[in-house]
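Each chain, written out:
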Amino acid sequence: MSGFHIWMLRVSAAICAAVFALALSVAAAFAHAQLIGAEPADGTVLATAPDRLTLTFSEPARPLVARLIHPSGRDEILREIGEKGSVIVLTLPSGLENGTHVLSWRVASSDGHPIGGGLVFSVGASSAVTPAAIEQSDISVRVGLWSARFLLLAGLIVGVGGVAFNALIGRSDPAPGARIVTGALFAGLIAAPLLVGFQGLDALGAQFSDVATADVWEAGLWATSYGRSTLLAAAAIFMAYAAGQASNGSHLRIALAVAALLLVGVTVASAGHASTASPRYLTIPAVFLHAVTVVLWIGALVPLGAVLIRGGAALPIVLRRFSRFIPAIVIVLALSGTALAVIQVQTIPALWNTDYGRVLLAKLALVAALLLLAALNRFYLTVPILTGSASPTLRLTRSVGAEIGLATAVIAVLGLWRFTPPPRAIAANPALFEVQEVSSAKEGVGAILSIRPPIVGPVRVEVGDLLLDGKPFEPVGVSIDLDKPSYGIGPFTREASPASDGTYSADGFVLPLDGFWIVRVTILVTDFRSVTLTDVFDIRKAQQ
């Protein structure tokens with residue numbers, strides 16, 4: 001293998017590793033729905049206990065879970081939930097005691113992404129309340145979600161794409177690369193139920209230890225559009241497997257392969273950011289075409305490589321067929337991808353100023369490398385083989401191997417979009433992506449404390465630029481408290497996790513009220529010395 005191809009494979013492997021690391025640290029996605037009204041409203045003091053609570057959102061939302069925390073700290077899940085479009089009605093338990101109650105809720109937006117928030121109301125008079133702990137997002141859930149999604153995408157792209165290649169282009173028996181293609185299909189089938197479970201955990205904001213509960217699996221299947229799309233993906237894989245078992249060259253094999261290919265397009269277009277973007281008459285067909293062309297192109301690489309290794313009289317025939325249709329596939333892929341990128345990104349700076357844009361740039365870099373290799377293969381290696389020369393065959397085989405490595409990295413990057421809101425969503429709800437910073441110092445220890453977003457609902461607190469006597473240092477540990485003593489709420493306490501850039505962050509906070517919240521950051525300088533930095537964040541209500 002040439003030095004260039006070895007370098008390409010190493011780069012793709014490094015990108016896969018970087019993608020996996022990024023999946024561990026990427027923040028939870030903010031979806032498009034916003035709470036625009038509640039009855040009773042946040043902070044209301046009522047003379048008598050209400051029998052219901054109404055939440056109104058900016059777009060239709062599906063309830064996932066609602067928890068009521070009583071003044072005593074008792075945590076109760078509300079089971080009676082009514083929904084009508086953008087209005088969700090929660091039936092409260094009878095005989096609510098006097099004092100302050102905290103409601104935390106979690107709903108699914110129209111694009112399938114879960115969002116959460118909270119509010120406070122009091123019966124009789126405000127009182128101190130001991131909220132139940134709100135756990136930090138389980139890192140194993142995020143890793144599992146990305147990993148299962150990666151395997152399912154591999155099953156769809158490598159498995160279904162490989163079957164489609166063998167039915168439409170290869171047309172030989174035994175089918176080239178059949179073991180790898182079948183293995184990818186089985187990997188996708190195994191990943192599908194795993195993905196349902198992790199989607200349920202993500203939807204409910206639950207920990208991995210809750211994976212065996214019925215509520216998690218019900219939420220994973222039916223609470224969001226991702227559950228339905230996973231079932232469609234499994235159906236496409238079953239159909240592709242049936243096509244692979246049908247007689248070579250038969251009409252049944254071709255029909256099943258085409259049906260599986262089209263079902264992949266429907267699967268991808270049925271959930272996610274792009275599928276709900278406006279104008280949907282453009283975005284849904286664009287997502288469908290983009291998915292189908294990705295499967296046709298990348299899915300062809302494994303069986304094409306097997307054809308090259310096998311050689312024989314079929315080699316020039318298969319290469320000629322593949323070379324004939326691939327330019328049209330790439331053109332449709334590029335046009336549909338460009339349309340979706342323009343709609344989702346909107347501005348050029350968003351490519352490097354947002355997580356979504358950076359993921360897109362990584363994908364574009366990998367696809368550009370793939371296109372470069374494909375062009376070299378087509379014009380410098382394929383043509384001599386078609387004219388009868390055998391010498392370029394080994395080089396073409398190695399080049400296709402490098403393409404497979406890059407394609408694997410592309411699939412890994414695609415899984416990150418599950419965690420990143422598009423710039424389009426940021427432009428529609430800019431407050432959700434703002435950051436409020438304060439500088440705090442005490443006893444020679446200084447830091448920049450930030451909260452994002454500075455509005456009611458789920459927030460993340462970060463501690464950066466840590467200095468000890470004016471010099472950067474690495475503390476033994478960092479913990480963060482948030483409380484609102486004027487309402488007797490809190491403190492919420494989280495242990496902060498270190499990041500590679502030297503910052504410490506903690507999520508899992510859900511702030512139910514606007515106004516001033518006190519933040520206390522306890523920095524363990526050594527095993528025998530700690531310093532607590534205290535400041536205030538000004539939290540405001542979500543935009544009406």
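In short, a report on the structure. Worth saying up front: this structure is predicted, and the values here are computed from it rather than measured. (Residues numbered from 1 in each chain as written. Predicted model: local features only at pLDDT ≥ 70, side-chain atom pairs only at ≥ 80, totals over all residues. Heavy atoms only, no water.)

1. A few points about the pairing of strand β11 (residues 445-452)
As a general feature of sheets, a regular strand has side chains that alternate between the two faces.
Part 1 of the reasoning: β11 sits mainly inside the fold: 6 of its 8 residues count as buried.
Part 2 of the reasoning: Here strand β10 (residues 436-442) runs beside β11; their pairing, made up of 7 bridges, is antiparallel. Its bridge partner being in β11, Gln 436 is matched across the sheet by Ile 451.
Part 3 of the reasoning: Connecting the antiparallel pair β10 and β11 is a turn made up of 2 residues, with Glu 443 showing a positive phi of about 50°.
Part 4 of the reasoning: Bridge count between β11 and strand β12 (residues 457-468): 7 bridges; the pairing is antiparallel. Among the inter-strand pairings, Leu 449 is bridged to a residue of β12, identified as Val 463. (Buried < 20%, exposed > 50% of the residue type's maximum accessible area, 1.4 Å probe, protein only. Helix = DSSP H or I, 4+ residues; strand = E, 2+ residues; numbered from the N terminus. Pairing = 2+ DSSP bridges.)

2. Quick look at the packing of helix α5 (residues 225-245) against helix α6 (residues 251-269)
Part 1 of the reasoning: Where α5 contacts α6, the two axes come as close as 8 Å, and the packing angle between them is 165°. For the element pair α5 / α6, the angle class is roughly antiparallel. Crossing hand, α5 versus α6: left-handed. Where α5 approaches α6, its residues Ser 229, Leu 232, Ala 233, Ala 235, Ala 236, Met 239, Ala 240, Ala 242, Ala 243 and Gly 244 are matched on the opposing element by Arg 253, Leu 256, Ala 257, Ala 259, Ala 260, Leu 263, Val 264, Val 266 and Thr 267. (Axes fitted to C-alpha atoms, helices over the stretch in contact; angles between N-to-C directions. Parallel < 35°, antiparallel > 145°, perpendicular 65-115°, else oblique. Left-handed = near helix turned anticlockwise from the far one by under 90°. Contact = heavy atoms within 4.5 Å.)

3. Let's talk about the sheet that holds strand β5 (residues 75-77)
Part 1 of the reasoning: Spatially, 5 strands are ordered β2-β9-β8-β4-β5 in an open sheet, and the strand pairing comes out mixed. This sheet does not close on itself; its edge strands, each paired only once, are β2 (44-46) and β5. Adjacent strand axes in the sheet meet at a mean angle of 25° when their direction is disregarded.
Part 2 of the reasoning: Summarising the sheet, strand β4 (residues 62-69) and strand β8 (residues 99-108) pair through 7 bridges and their orientation is antiparallel. Bridging from a neighbouring strand, Val 65 pairs with Arg 106 of β8.
Part 3 of the reasoning: Contacts from helix α3 (residues 178-204) reach β4, β8 and β9 (114-123), with the element oriented near 50° to β4.

The values reported here are purely geometric and, on their own, carry no functional implication.
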